[in-house]
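# Structural overview for review
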Amino acid sequence: MGQRPLLRSCTPGTRLIVSSLVFAVVLLLTPSTPAGAQKLDQVPAVEALTYTLNLAWVLIAGFLVMFMQLGFALLETGFTRAKNAVNTMAMNLTIYPVGLIGFWLTGYGFMMGGIHQWPSLGAFGLPHGELSVRIGHHMLGLIGFGKFGLLAVNNDPASLAMFLFGTVFMGVAATIPTGAMAERWKFSAFLLYGFFMSMFLYPLYGNWVWGGGWLSQLGVNFGLGHGQVDFGGSSVVNMTGGLTALAGAMVLGPRIGKFRRDGAIGLLAGHNLPLAMSGTLILAFGWFGLNAGSTLAASDPRIGLIAVNTMLASAAGSLTTIFYLQQRYNRPDVAMACHGLLGGLVAITASCAFVSPAAAVLIGIIAGFLVVGSVLALERRFRIDDPAGAIPVHGVCGLWGALAVGIFADGTYGDGWNGIAGPVRGLIEGDFGQFIAQLIGVSINAIVIFGLAMAFFVIVERTIGNRVPAEVEWSGLDSLEMGSEAYPNV
Amino acid sequence: MGQRPLLRSCTPGTRLIVSSLVFAVVLLLTPSTPAGAQKLDQVPAVEALTYTLNLAWVLIAGFLVMFMQLGFALLETGFTRAKNAVNTMAMNLTIYPVGLIGFWLTGYGFMMGGIHQWPSLGAFGLPHGELSVRIGHHMLGLIGFGKFGLLAVNNDPASLAMFLFGTVFMGVAATIPTGAMAERWKFSAFLLYGFFMSMFLYPLYGNWVWGGGWLSQLGVNFGLGHGQVDFGGSSVVNMTGGLTALAGAMVLGPRIGKFRRDGAIGLLAGHNLPLAMSGTLILAFGWFGLNAGSTLAASDPRIGLIAVNTMLASAAGSLTTIFYLQQRYNRPDVAMACHGLLGGLVAITASCAFVSPAAAVLIGIIAGFLVVGSVLALERRFRIDDPAGAIPVHGVCGLWGALAVGIFADGTYGDGWNGIAGPVRGLIEGDFGQFIAQLIGVSINAIVIFGLAMAFFVIVERTIGNRVPAEVEWSGLDSLEMGSEAYPNV
Amino acid sequence: MGQRPLLRSCTPGTRLIVSSLVFAVVLLLTPSTPAGAQKLDQVPAVEALTYTLNLAWVLIAGFLVMFMQLGFALLETGFTRAKNAVNTMAMNLTIYPVGLIGFWLTGYGFMMGGIHQWPSLGAFGLPHGELSVRIGHHMLGLIGFGKFGLLAVNNDPASLAMFLFGTVFMGVAATIPTGAMAERWKFSAFLLYGFFMSMFLYPLYGNWVWGGGWLSQLGVNFGLGHGQVDFGGSSVVNMTGGLTALAGAMVLGPRIGKFRRDGAIGLLAGHNLPLAMSGTLILAFGWFGLNAGSTLAASDPRIGLIAVNTMLASAAGSLTTIFYLQQRYNRPDVAMACHGLLGGLVAITASCAFVSPAAAVLIGIIAGFLVVGSVLALERRFRIDDPAGAIPVHGVCGLWGALAVGIFADGTYGDGWNGIAGPVRGLIEGDFGQFIAQLIGVSINAIVIFGLAMAFFVIVERTIGNRVPAEVEWSGLDSLEMGSEAYPNV
C-alpha cells in the first residue's frame, strides 16, 4: 500500500470527524456583516414594531410549514406497505437535515442571492448578486449568487427569517418525490437526490419566480401582466416537486407486482390508512403557514382572505372527490378524499391572495376532478406507479393552480407585485398577458425542471443506480436496506 | 324513456361536474364589496397595527383549533375497534370539508349575519341583518341573515378571519357526535348530518349567544347580568356537540354486544389506546387556540390568564380522575385520565377569562368528578352507548362550564360585554342575575338543541335510516361501508 | 375501631372530594392583587402594543413547547415494547397535569419567586422574594419565595404568561426521565417523582440560572462573564432532565434481559419505529418555541437567528450520525439519526442566540458525535439501560450545549444579560471568564441535581420501591400495572 497521505491513513469515521470540523472552523472564522437589527433603531417605533411583528409572522408560518414534514411522512408511510415503513419515514425525516444543509450551503444563495430587500421585514439593502443575461435592453436573471452559507447576512434578521421560510418550502418540494418513488428507491441514491434538489434544482426555478429571476420579470420586460405570479408555490414548490417525482418514478419503474404482464393492476394497498389520513390533516394545518405566511407580513390584512381561500379550496377539492366517486362507484373512497383535499390546497396556493372565496371553491372543485382523473390516467393509461399520489396531487394540481392565477385573479390585490403597478388581473378581468405569463411559467417548469430532474435520475441510474435489488424489494427495504423493522415487537 | 332534459341525460358524474361549475360561476359573478382593508389606511398607524396583530392572532388561534380535528380523529379512532378505524377517521376528516362548505353557504350567515362590527379587528361597520322578534319594547334576535357565502364581505379581513375562526369552532362541535355514534352510523346519514349541523343547528344557538341573539341580550333586555356569557364555547360548542351526540346515540341505539340481555355490559375495547392518548394531547394543544383566541385580540393582555386557566383546569380534571379511580379501584385508568383532562378543558372554556387560577382548578376538579360519574351513569344507568365518552366530556362538562361562569366570575373582566357596563360577576361576587342568565342559557340548549337534533335524527331514521345493517356492523364498517381496511397489510 | 374523626369515616373517594374542594375554596378566598394589565394603560400606545405582542409571542411559543409532550410520548413509546406502550404513554401524558399542579403550587414560586420584573412583557414591579445567603458583600440567591399558587400575581399578565412558559419547560425536563426509566418503573413511584421534580428539583436549578439565583450572578459577583448563560435550557431543562434520568436508571437497574450474565447485550427493540420518528419531528417543531420563545419578545429581531441556528444544529447533528454510522457500519441507523437530530437541538439550546449559523452547525456536528459515542459507552461500558436514549441526548448534549456558550458566543448579543453590560463573549472572543462560569454551571448541575435526584430515588427505593415486580415486567406493565392493553383489539 506504500505511503498514504495523512487523511487517507485514518479510518473513515475519523476522516469524517476531521473534515467536518475543518469545514466548520473555516466557516466560523469568516467575518459576518452586522446588519438589519441595528438599523431597526433608526426607524420610528411603530415601523420597527411592524417589522418585528412581520418577522415573527414569517417565523411562525415557517414553523407550521416545517411541521408539514410530519404530514408528508405519515401520509406516505400510511400509503406504503409495512415492510417499507421505516424506509418511507426515514426519507421524509432525512430530507429535512439533508435539505437544510444543502440549502444553507448553496440553495438559498442560488435562489435568493439576487434579492436586495424585503420591505415588510425591515431589510434595508442586503448584499446581493444575480447572474443575468442581457437580451436587447432587458436583463434576465438566471440564478442568484450571494448569501451562500448565510455568510454575509449572518446578522440580518430578515435574511435569516427568509432563510428559514425558504428552507421549509424547499423541504416540502423535496419530500414530494419520496411519495412517488417509495418502496423501491435506494437510500444512498435518495440522499444524493436530496442534495441535488436542495442545492440546485429547487433554487433554480425558485430564483426565476421568487428570487427576481426572469419569469418574475416577464411583466417588466415584456409587458405580460405582473410576470409569473405564484403566491405560495403551486408551481415553485408543488409542480417542481410533482414533476421531479414524475421523472423519478419513470426512471425507477413500477414496484414489483404493480403492473402485471396480463395488463392487470396490482393493488399493493398501504398498510395504515388512518396514518395517511392523519398526515392529510397535518398537511391541511401546516398549509395555513405556507399560504398566509407568504405575505411575509402580518401587517397585511390580506392574510384573512388567504387563509379562508386556503381552507375553502381544500374543502371543495375533497367534497368533489367524495361525491364524484360516490356517484360513480357508490361508495366513498377515503384515500381519494385525502388526495382531493390536498389537491385543493395545492391548486389554491398560487392564487390564494388574488381571488375571491367563490373562485377558491371553484378552483378546488376543478382540482378535485383533476385529481381523480389524473390518478386513474397515471395508473391505467400511462402505467406509472406512484404509491402516494404525489404526481397527480402536486404535479397536476400545481400546474392547474399556477394557471388559475391567470384566470381568476380579480384585480383587488398585488399592486406593485414584481415591479408592476396596479393589481393582478386574470382572464376574468380581461388581462390576457397575465395568463400568458402563467402559461410560460408552467411550461418552463415542465421543460426545465422535468428535464433536469430526468437528466439527474438517468445519470444516477448509470452510475450508482436508483433502485434497490429485486430481493430487497421483495423482503422489504426495512430489513435489508435500513436494518430496522418498523414493528418488530408487536 | 323518451325525451329527457339535458342534465338528466348525462351520467351522474357529468351532472355533478356541470352543476357544481354552474353554481360556482354564479357565485363568482356576484360583485363583492370593498371593505375593511381600505379603511385601515384611515386610522392612526398604531391602531392599524393593533388591528392586524389581532387579525393574525385570531388566525393563528384558528389554525390551532383546526388542528383539533386531528385530535378528535385520533381520540375517537383509538377508542373504537380496528374494523371501524377507517370509518371513524373518515367521519372526523370529512366533517371538515362538509362543515366548511355548509358553514360558508349558510351557517356563518345565520350565526354572524347580525354582527355590525368586531372592534378589536378593525371592522368599521359591516353589512348585517338579524331576524328578530319584538316583545314589548325588547328586540330579541332569532337568527342572523346576511354574509351568506361571504358575498358582501368578500374583502373584509375581519369578517374573513371571523369566518375562519367560526368555522373551526363549528368543526369542533360537529365532530363531537362522531365519537358517541361511532361504529354503527351509516356514512350517508352522517354526511347529511354534517350539512344540517354546520348549516343550521350549530349556527342557531351560536347566534343566540355570540351573534347578538336573544340569549346574549338577557342582560340588556331583562337585567340578567351580562346576558349569557360563554367565553370559548362550553355551551355554544361543547354542550351543543354533546347533546347532539346524546340525541344521536339514543336514536341509533347501542352497538351490538354492548348491553346484553342478562344486563351485562360488553367491554368492546378500543383498538389503540396510545392513539387515543395522542389525540388527547393534541386537543389540549389546540384548546389554547380555542380559549386564548376568543379574546379576538392579542392586544388584550387577558390572554395570559386565559391560557393559564385553561391548562390548570385540564390538569385538575385529569388528576382528579386519576386519584379518584386509584382510590376506588386501586389502579390508574388511562382512558378516564384522558376524559378528565378533556372534561377540565371543556368546563373552563366558558369562564376562562373571568375567573382566578384557583377557581379554574376548582372548576377542573369538579369536572373530573362529573366525568367519572356521568361516564358510569350513562353506561350503567341510562344504558346509552358512547364509545368515545363524548356525552360526558362535552355535554355534561359543557353544561357545568356554562354554569361555572355564573358562579365564579370574579368581577375583574368583561366590562362592556354584551353591551353591559362593569365586569362580569358570578354568585361569589353576589350577582344572582348572571347565574340565572347562565341557567337559562343551558336550559335552552338542552331543550332546543337537543330537541332539534332529536327531531333531525328521527326524521332521518324514518327516511334513509341512521344505522348500518347488522351484518355490516359485525364485519366492520371499513370493509363493507367504506371499502377500505385500515390495516390491510400488516 | 371506636370513634373516628369525620373525614376518616368516609370512603376514600368522598375524602378526596371533600379535601380537594376544601383546598380549592381556601385558595379561592385569597384576595388577588390587581396588577399589570391596568398599568399598560399608562404607557404610550406603541409600548403597550409591544408588550402585548411579546405576551402573545411567549404564549404561542409556550403552546409549541407544550406540544412537545406529544413528541416525547411518541418517541419514548415507539422505542419501548408493545406490552408497555400504555404505561410509557401514560407517564408522558400524566406528567403534564402532575407537573402543572406541582409547579403551580410551589415550583413556580421557588423558581421565579425572586423575579422583580420582565421588561419585555410590561411587568412593572412584581411582588417578589428570594432566600439568599450573604458571602462577603455578595448576595447569593438560593431559592425563590413568593408567587406560590400564583396568588399575589393572579391578575398580572406577565407573571401568568411566564408561568405558562415556565411550566411547559419544566414539563420537558420532567418527562425526560420517563424515557430512560421506561418499561420497569412503578407508576405510583413515578407520580411521586412527578411532584418532586415539578415542585422542587427543577425549580431549584432553574432559580439559580433563570430566577436570579447565584449562578446567574457569577458575573456580577465574581466577574465571570455574564454569569452562567443558558438561553433556552441546555443545562436548566435538558441536563437536569438527563441527569435525573441517569440517577433514576442507575437506581432502577436495567430491564430484565438487557444485560446478560455472559456479557451479551439484549436488543429489546422498540415496537414502533415510525412512532418514534414522528415524535422526533414533533420535537423539532416544538423546539422552535423553546428557543425562539426564550427571547420573551417578538420585538427582539434576534428571533430570526435563533430559529435558524436551532434548525441548522439539528440538521448537523442528524447528518453527522447518518454519515458516521454509514461509514462505520455501512447502513443508515434511523434511531440514531433521531437521537442525533435531538442531540443537535439540545446542544444549540443554550447558545442559539449568541452564535453564528456556522458555529451552530459545528455545535450540532459535535453533538452528533457525542450522541453516538455516549449511546455506545452508556450501554457497553457503563451498562446502564436507557430505552429511549434520554441520557445521551439530553444529559450529554445538554452539558455540551452549556459549555458551547462559553466557547462560541461571538459578542453580537446579550448586552445587559444578568446585569452585565456588553455582549456575551466566549473563548473564541477571548472571554475566559464566561467559559469558567459555564463550567461552574454544569458542574453544579452534575453535583447538585444528580445528587438530589439520586437521594430521592434511593429514599423511594427504601420505602415504596421504584420498580415493578419481575412478573409484572415480564407480562408487561400495561396488563398488570395499568390495567389496559395498548392494542387489545387488532
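Residues numbered from 1 in each chain as written. Chains lettered and ligands numbered in written order. Predicted model: local features only at pLDDT ≥ 70, side-chain atom pairs only at ≥ 80, totals over all residues. Heavy atoms only, no water.

## Observations concerning the interface of chain C and chain A
Quoted interface sizes are often the accessible area lost when the parts come together. Cut-off, in case you're wondering: Whether two residues touch is decided by their heavy atoms; if any such pair falls within 4.5 Å, the residues are in contact. Summed over both partners, the accessible area lost on bringing two parts together, with a 1.4 Å probe, is the buried area. Any Lys or Arg side-chain nitrogen found within 4 Å of a carboxyl oxygen on Asp or Glu counts as a salt bridge. Here a polar contact is recorded for every N or O atom pair within 3.5 Å, except that within protein the pair must consist of a potential hydrogen donor and a potential acceptor, and residues adjacent in sequence are included only if both atoms are side-chain atoms. Helix numbering and strand numbering both begin at the N terminus, where a helix is a DSSP run of H or I of at least 4 residues and a strand a DSSP run of E of at least 2.
At the junction of the two partners, chain C supplies 62 residues and chain A supplies 63 residues. Interface of chain C and chain A: buried area, both sides summed, is about 5300 Å²; carbon and sulfur atoms make up 84% of it. At the junction of chain C with chain A, the criterion picks out 0 salt bridges. Linking chain C to chain A there are 1 residue pair in polar contact (both at pLDDT 80 or more). Where the side of chain C that touches chain A is concerned, the elements lending two or more residues are helix H4 (45-78), helix H10 (273-292), helix H11 (303-329), helix H12 (334-349) and helix H13 (357-381) of chain C. The greatest single-element share of the side of chain C that touches chain A, amounting to 17 residues, is contributed by H11 of chain C.

## Regarding the relation of the copies chain B and chain C
Test applied: For this overlay, a least-squares fit was computed on C-alpha atoms, restricted to residues scoring pLDDT of at least 70 in both copies.
In screw terms, the move from chain B to chain C is a rotation of 120 degrees and a rise of 0.0 Å along the axis, fitting with an RMSD of 0.0 Å. On this basis, the relationship between the two copies can be described by a three-fold rotation axis. Residues of chain B ranked by C-alpha distance from the rotation axis are headed by valine 46 of chain B, positioned 3.6 Å from it. In this assembly, only 10% of the residues forming the interface of chain B have copies in chain C that are likewise at the interface, indicating a heterologous arrangement.

## A short note on the relation of the copies chain C and chain A
Here the second copy of the chain follows from the first by a rotation about an axis and a shift along it. Note on the identical chains: chain C maps onto chain A by a rotation of 120 degrees and an axial translation of 0.0 Å, with an RMSD of 0.0 Å. In this assembly the copies use different faces: only 10% of the residues contributing to the interface of chain C also contribute to that of chain A.

## Here we look at the packing of helix H4 (residues 45-78) of chain B against helix H5 (residues 85-112) of chain B
All names here are of chain B. Condition: Note on geometry: axes are C-alpha line fits, over the in-contact stretch for helices, and angles between N-to-C directions span 0 to 180 degrees. The labels follow the angle: roughly parallel below 35 degrees, roughly antiparallel above 145, roughly perpendicular from 65 to 115, and oblique for the rest. Take the far helix as your reference; a near helix turned counterclockwise from it by less than a right angle gives a left-handed crossing, and one turned clockwise gives a right-handed crossing.
Here H4 crosses H5 at 160 degrees, and the two axes come no closer than 9 Å. Classified by the interaxial angle, the pair formed by H4 and H5 is roughly antiparallel. Here H4 and H5 pass one another in a crossing that is right-handed. On H5, the residues touching Met66, Gln69, Phe72, Ala73, Leu74, Glu76 and Thr77 of H4 are Ala85, Thr88, Met89, Asn92, Ile95 and Tyr96.

## Quick notes on the side chain of threonine 106 of chain C
Residue and element names in this part refer to chain C. Note the following rule: In this scheme, a residue with accessible area under 20% of its type's maximum is buried, one over 50% is exposed, and one in between is partly exposed, where area comes from a 1.4 Å probe on protein chains only.
On the secondary structure map, threonine 106 appears in helix H5 (residues 85-112). Threonine 106 sits in the buried class, given a relative accessible area of 18%. In this view, threonine 106 contacts Phe148 and Met199; residues no more than four positions away in its chain are not counted.

## A closer look at the nonpolar core
Most often, soluble globular proteins have nonpolar side chains that are buried together. This is how it is decided: Here, the term nonpolar core denotes a set of buried Ala, Val, Leu, Ile, Met, Phe, Trp, Tyr and Cys residues that are joined through side-chain atoms within 4.5 Å.
The biggest cluster of nonpolar side chains holds 539 residues, and the ones touching the most others in it are Trp118 of chain A, Trp118 of chain B together with Trp118 of chain C. Beyond its immediate stretch of four places on either side in the chain, tryptophan 118 of chain C contacts Tyr108, Met112, Ala123, Leu126, Lys147, Ala158, Ser159, Met162 and Leu296 of chain C.

## Digging into the state of the cysteines
Basically, it comes down to this: In plain terms, two cysteine sulfur atoms within 2.5 Å form what is called a disulfide here.
Inspection of every chain in the model, using the stated rule, returns 0 disulfides over all chains. Cysteine 397 of chain B takes part in no disulfide bond, and the closest cysteine sulfur to it belongs to cysteine 338 of chain B, at a distance of 14 Å.

## Notes on the pairing of strand E1 (residues 130-135) of chain C
Residue and element names in this part refer to chain C. Just so we agree on the cut-off: A pair of strands counts as paired when DSSP detects no fewer than two bridges linking them.
Relative to strand E2 (residues 138-144), E1 runs antiparallel, the two being bridged by 6 bridges. Of the residues in E2, the one forming a bridge with leucine 131 is isoleucine 143. Hairpin connection between E1 and E2: a loop of 2 residues separates the two successive antiparallel strands, and glycine 136 in this loop has a positive phi of roughly 60 degrees.

## Things to note about helix H15 (residues 432-462) of chain A
In plain terms, the rule: Multiply 1.5 Å by the residue count of a helix minus one, and that product is the helix's expected span.
Across its 31 residues, H15 of chain A extends 44 Å between first and last C-alpha, which sits within 8% of the 45 Å expected from 1.5 Å per residue. Two to three positions downstream of the cap, the backbone nitrogen of glycine 433 of chain A sits 3.0 Å from a side-chain oxygen, assigning the N-cap of H15 of chain A to aspartate 431 of chain A.

## Notes on helix H11 (residues 303-329) of chain A
Residue and element names in this part refer to chain A. Taking 1.5 Å of rise per residue, 27 residues should cover 39 Å, and H11 covers 39 Å from first to last C-alpha, within 8% of that figure. Counting buried residues along H11, 22 of its 27 residues qualify, which places the element largely inside the surrounding structure. Downstream of H11 by a residue or two, asparagine 330 has a phi angle that is positive, lying close to 65 degrees.

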